[in-house]
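Summary of the model geometry
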Amino acid sequence: MRKFLMAATAMLFAADSAEAFILSPYIGVDYNYSSLDYGKAEEDLYADSFNSFGVAAGVKLLNLVAVEGFYQQSENKDNKVSGYFVDGDEFSTKLKLKAYGVDLVGDVLNLGLVEILSSVGYGYYEADVTNGFSFGGVGGSRNFTEEGNGVRFGLGGQINPTSSIGIRVMYRYTVTDMDTIKNMQEVTVGLRYSF
């Protein structure tokens, strides 16, 4: 019985369109503009917008959905505030954000030349932070790394001027479990090259 079921399943797949089961691998590069929400306690201490660049590699399955891995790294962004804790103090920060993870990208609508996309994914985030504090000529600094997980939701589109090149624009909203960064919004513009 088991052999019969396996043979019947194989025949069903073979009878379906062969094109539907082609795996299409691709690579990509992205520019990201990110806006971070730190929560009320630390909203003035850190820069809240960043430019970052990323790379991606994925494979499109069944012409409907893709599994895509990504890595991105932001610029090292400085911020200074005076009189934050007491009058006359100066507090400075440097923050660089790195992330990697995986997204499931689905075609909401695929017209060949134009695709409307949605995504859901997981990201692992690292914030490299340098804090400096001075008051009355005396001060110090400390370095630390905060790590956390994020759930990413996206919506966007892709224009495919050729069968192997795509120009993609996405909006993403990410919720993290980090102490400092509560959530972030990103706009991504990138290229995808399919093999």
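Keep in mind it's a predicted model, so treat the numbers as computed, not measured.

A few points about the overall build of the protein
Helix and strand counts for the protein stand at 1 helix and 9 strands. Buried residues in the protein amount to 36% of all 195 residues. Across the protein, contacts joining residues at least 24 apart in sequence account for 60% of those joining residues at least 6 apart. Just so you have it, the protein exposes about 11,200 Å², and 63% of that area is on carbon and sulfur atoms.

Regarding the confidence of the model for the protein
Here the protein averages 87 in pLDDT, and 87% of its residues register 70 or above. Counted against residues more than four places away or in other chains, residues 3–20, with its pLDDT under 50, gives 5 contacts.

Side note on the nonpolar core
Ranked by internal contacts, the top residues of the largest apolar core, which has 18 residues, are Leu 36, Tyr 38, Leu 95, Ala 127 and Ile 181. Here this core takes 4 residues from strand S5 (residues 89–110), the largest share from any one element. Not counting the four nearest positions on each side in its chain, Leu 36 is found in contact with Asp 48, Phe 50, Leu 95, Leu 97, Ile 181, Asn 183 and Met 184. Counting residues in hydrophobic clusters, the runner-up holds 5 residues, among them Tyr 26, Ala 66, Val 105 and Leu 117.

Calculation notes
- Think of each chain on its own: its residues are numbered from 1, step by step along the sequence as written.
- Local features in this predicted model are restricted to residues of pLDDT 70 or higher, and side-chain atom pairs are both shown and tallied only at a pLDDT of 80 or more, whereas totals for entire chains, interfaces and linings draw on every residue.
- The side-chain values count all of the structure's non-hydrogen atoms but skip hydrogen atoms and water molecules.
- Strands are runs of DSSP state E lasting at least two residues, helices are runs of H or I lasting at least four, and both sets are numbered from the N terminus onward.
- Exposure categories follow from relative accessible area, calculated using a 1.4 Å probe and restricted to protein chains: below 20% of the type maximum is buried, above 50% is exposed, and the middle band is partly exposed.
- By the convention used here, residues are in contact when the closest approach between their heavy atoms is within 4.5 Å.
- In these tables, accessible area is a Shrake-Rupley quantity obtained with a 1.4 Å probe, and a residue counts as shielded only by the protein chains included in the view.
- Confidence scores here are pLDDT values: one per residue, from the predictor, ranging 0 to 100.
- Working definition of a nonpolar core: buried Ala, Val, Leu, Ile, Met, Phe, Trp, Tyr and Cys residues. They are joined through side-chain atoms within 4.5 Å.

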